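Residue strings, one per chain:
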Amino acid sequence: MRAVLQRTALAFSVLALAVLSSALLLSQQTPLTVLTKDNANAVTRRTLQTTAIGDQEFVALDDLASMFQLTVREDALGALSVTSKGKTLLLTPDQPLASIAGRVVSLPAPPVRQGRRWLVPVDFIGRALSLVSDTRIALRRPSHLVIVGDLRVPRVQVRYDTSGATTGRLTIDATPRADSTVSQFGDQLAVRFDADAIDVSYSNSATAPLAAAAAQGLLQAVRVADAVTLTFTVGPRFGGVRLTTQPSDTSMRQTIDITNASAPQTTEASPQAPTPAPPPPDLTAIGATPVGVRTIAIDPGHGGDDEGAKGAQGTKEKELTLAIAHRLKTAIEARLGVRVLLTRDDDRSVMVDDRTAVANNGKADLFISLHANASWRPTLAGATVFTARFTTQDDEAAHAIASELLPAVNGAPRGIDFIPWDLAQIQHVARSEALARTIAEHLQGKVPLTTNPVDSAPMRVLEPANMPAVLIELGYLTNAEQEKLLTGSDFQNTFVQALVDAVMRFRDEASR
Amino acid sequence: MTRTQRLLIALTAALVLIGVAVWVTSVVRRRTAKPSGAVATTSADATASSGRKIKARLYYVSLDGTKLMGIDREVPYVDGAAAQAQQIVSAQLAPPPAPLVSAIPPGTTLRALYLGGKGAAFVDLSKEATVAHTGGSQDEMLTVYAIVNALTANLPAITSVQLLVDGKEVDTLAGHIDLRKPLQKNLGIIEP
């Protein structure tokens with residue numbers, strides 16, 4: 001009896017293993033990555049599994065239905081109808097076709113039934129689904145990307161050529177044109193693109209794109225660090241870089257010439273500062289490890305219907321803050337090489353909570369809100385850096401529910417810290433004040449400040465920020481002289497420069 | 001009348017006007033030097049024509065524009081805390097005589113005022129409080145705390161004030177200062 005049981009158990013194990021391995025074999029197909037923008041304008045990535053049948057790749061119709069809000073029906077004759085927002089697309093089993101409103105679209109293979117699911121060829125997404133959807137859907141088969149909506153996803157082609165026995169050149173073409181910034185931290189050389197995502201391919205070899213550079217000891221590896229950054233790991237003989245950019249009608253070429261260190265470097269030696277070529281990227285941050293500050297959220301105040309303060313000459317706060325936010329983003333990315341999130345990139349209304357949500361959801365390490373002030377006294381002038389101010393009641397409210405005992409998995413209660421979301425800033429006040437003081441110190445003597453340049457107020461946009469956060473009032477648009485000053489390039493450059501210096505010092509002090 | 005005579009009269013009139021302006025300014029300065037937090041009391045010398053009056057401390061934009069200055073002004077005395085609070089807020093919202101500068105957006109009126117529990121007052125302002133605002137966080141602080149301080153400084157029964165606009169709770173008046181909760185007296189914003 002016991003032997004029978006053992007044999008049965010063994011048979012079941014083998015069967016289970018077989019089922020598992022066949023499932024694994026099926027899932028080994030490269031899935032599609034679906035890129036969309038959410039309400040906060042952040043790019044989200046979702047995965048869409050594919051299945052190989054013969055030489056074709058298929059996706060499940062019900063996966064597409066849940067991702068794109070489609071209704072799929074199968075009639076008695078086996079025909080499939082796919083409906084989205086009133087538009088219907090028809091599929092017939094055994095026919096490699098889809099029809100919509102009399103228009104016929106060819107597919108590389110007919111739909112296939114697998115168990116209870118219907119599978120359609122991957123090309124169905126680009127050829128047929130895009131016709132019933134009211135947003136743009138594009139399929140990029142080589143890179144397994146599905147781009148939903150108006151996202152900027154340039155094709156980025158990376159090529160490495162040796163330019164001598166010991167030096168080499170990286171050529172990076174972004175099509176359509178996308179600007180990029182190059183920065184270096186420790187042994188990482190990062191190329192960050194001004195885009196929503198990048199679609200990377202390698203000219204030399206898909207599997208070992210940097211084989212030649214690795215042999216020279218200049219570059220070891222490349223990876224896509226986040227959605228828009230290519231990160232190269234430098235090798236032991238890496239000396240420095242020289243950058244050139246060359247736009248063409250359709251693409252932007254970034255050339256990175258890599259020099260060889262004159263002597264083999266030890267791991268402690270910092271790489272030599274590169275000689276920048278036009279446009280000159282500022283690589284003063286080379287060698288600094290960005291401990292604690294990897295992402296900065298910048299909030300251009302107001303926007304859309306909410307114009308903010310107005311100057312006598314017609315300057316609108318919403319336009320001034322956006323212009324300075326763009327300058328600041330470019331400068332921070334170039335000099336600090338950290339990711340910058342903007343709460344708005346154009347003239348649009350953004351709810352206060354959505355602004356802070358961009359910072360919180362984007363895991364920003366700092367939040368900087370930009371504003372311009374107004375006063376009933378037209379002589380009032382100067383910049384002020386604000387932090388959030390909380391009342392003792394807020395403190396009590398935060399602490400009352402800050403720690404709750406919750407049952408854990410093993411049944412024993414466990415202390416969990418809670419802070420209400422709209423009081424999230426309460427735990428960062430001290431660091432926010434330190435950031436505000438550092439910023440004011442760097443602005444001192446360079447731009448006009450008020451008599452009390454570091455202040456606190458119950459600033460609505462700062463309260464839910466779950467990171468050090470400040471609101472900077474750049475100056476007064478109601479003061480004629482200040483209006484002229486604030487809109488000028490000199491002030492804006494000086495301000496941006498001082499702010500980047502301040503953020504750099506705050507970061508360095510935090511990492512000590 | 002000769003040209004010289006006309007010039008003399010104009011000069012005298014100008015001198016008188018300057019004299020009056022200097023006197024008003026000195027009175028205003030003397031009064032702001034008084035400690036704040038005066039409690040509304042019935043005035044013994046109430047005017048006969050318009051009923052009894054009380055002296056209430058109201059708040060206006062300081063000369064440098066960064067603070068509020070407290071000025072004692074007469075407002076009608078009425079029975080009941082809510083009714084008295086209405087009188088004080090209405091006086092605070094009304095455009096003041098020169099050289100005082102109001103911290104309230106022009107055209108703002110009081111739609112309603114309610115007293116809630118725990119000393120909270122709810123002040124419902126007309127939409128001008130938002131749409132006619134200068135849009136600066138500096139002015140927004142002054143607008144909010146002119147009203148909050150006018151009620152909390154004059155009526156001890158009121159300890160916090162929540163501002164509403166057009167009958168609804170609002171996040172802010174002009175995009176900066178959090179109005180989702182009742183606010184307490186802010187002495188830091190009053191010019192010493």
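Check the entry above for the structure.
What counts and how
- Residues numbered from 1 in each chain as written.
- Chains lettered and ligands numbered in written order.
- Predicted model: local features only at pLDDT ≥ 70, side-chain atom pairs only at ≥ 80, totals over all residues.
- Heavy atoms only, no water.
- Helix = DSSP H or I, 4+ residues; strand = E, 2+ residues; numbered from the N terminus.
- Polar contact = N/O pair within 3.5 Å; in protein donor to acceptor, adjacent residues only side chain to side chain.
- Contact = heavy atoms within 4.5 Å.
- Core = buried A, V, L, I, M, F, W, Y, C linked by side-chain atoms within 4.5 Å.
- Buried < 20%, exposed > 50% of the residue type's maximum accessible area, 1.4 Å probe, protein only.
- Salt bridge = Lys/Arg side-chain N within 4 Å of Asp/Glu carboxyl O.
- Axes fitted to C-alpha atoms, helices over the stretch in contact; angles between N-to-C directions.
- Parallel < 35°, antiparallel > 145°, perpendicular 65-115°, else oblique.
- Left-handed = near helix turned anticlockwise from the far one by under 90°.
- Nonpolar A, V, L, I, M, F, W, Y, C, P; charged D, E, K, R; others polar.
- Expected span 1.5 Å × (residues − 1).

**Student:** Describe the side chain of Asn373 of chain A, naming the residues involved and giving the relevant values.
**Tutor:** Among the structural elements, Asn373 of chain A can be located in strand 25 (residues 366-373). A polar contact of 3.0 Å, which involves the side chain of Asn373 of chain A, links it to the backbone nitrogen of Ser137 of chain B. The residues touching Asn373 of chain A, leaving out its near neighbours within four places in the chain, are Ala309, Glu473, Gly475, Tyr476, Leu477 and Thr478 of chain A together with Gly136, Ser137 and Gln138 of chain B.

**Student:** Break down the nonpolar core for me, with residues and values.
**Tutor:** Among the nonpolar cores identified, the biggest contains 68 residues, and Phe367 of chain A together with Val123 and Leu151 of chain B are the most heavily contacted of them. For this core, the element with the highest residue contribution is helix 4 (residues 137-154) of chain B, accounting for 10 residues. Judged by nonpolar contacts, the second largest core, of 41 residues, contains Val338, Leu370, Ala374 and Leu486 of chain A.

**Student:** Could you give an account of the pattern of salt bridges, with specific residues and numbers?
**Tutor:** All names here are of chain A. Across all of its chains, the model carries 33 salt bridges over all chains by this definition. For Asp63, the salt bridge identified is with Arg117, shortest N-O distance 3.1 Å. Taken together, the residues Asp63 in helix 2 (residues 61-68) and Arg117 in strand 11 (residues 117-121) connect sequence positions 54 residues apart. In this structure, Asp150 and Arg136 form a salt bridge, with 3.1 Å as the shortest nitrogen-oxygen distance.

**Student:** Could you give an account of the packing of helix 2 of chain A against helix 3 (residues 123-132) of chain A, with specific residues and numbers?
**Tutor:** Residue and element names in this part refer to chain A. Put simply, helix 2 and helix 3 touch, their axes get as near as 13 Å, and they point 55° apart. Classed by the angle they form, the pair helix 2 and helix 3 counts as oblique. Seen along the crossing, helix 2 lies across helix 3 with a hand that is right-handed. Along its contact with helix 2, which presents Leu61, Leu64 and Phe68, the element helix 3 presents Phe124, Ile125 and Leu129. Across the contact of helix 2 with helix 3, the residue classes tally to six nonpolar, no polar and no charged.

**Student:** Which residues make up helix 4 of chain B, and what are the values?
**Tutor:** An ideal rise of 1.5 Å per residue puts 26 Å on 18 residues; helix 4 of chain B measures up with 25 Å between its terminal C-alpha atoms. The buried count for helix 4 of chain B comes to 18 of 18 residues, which makes it a mostly enclosed element.

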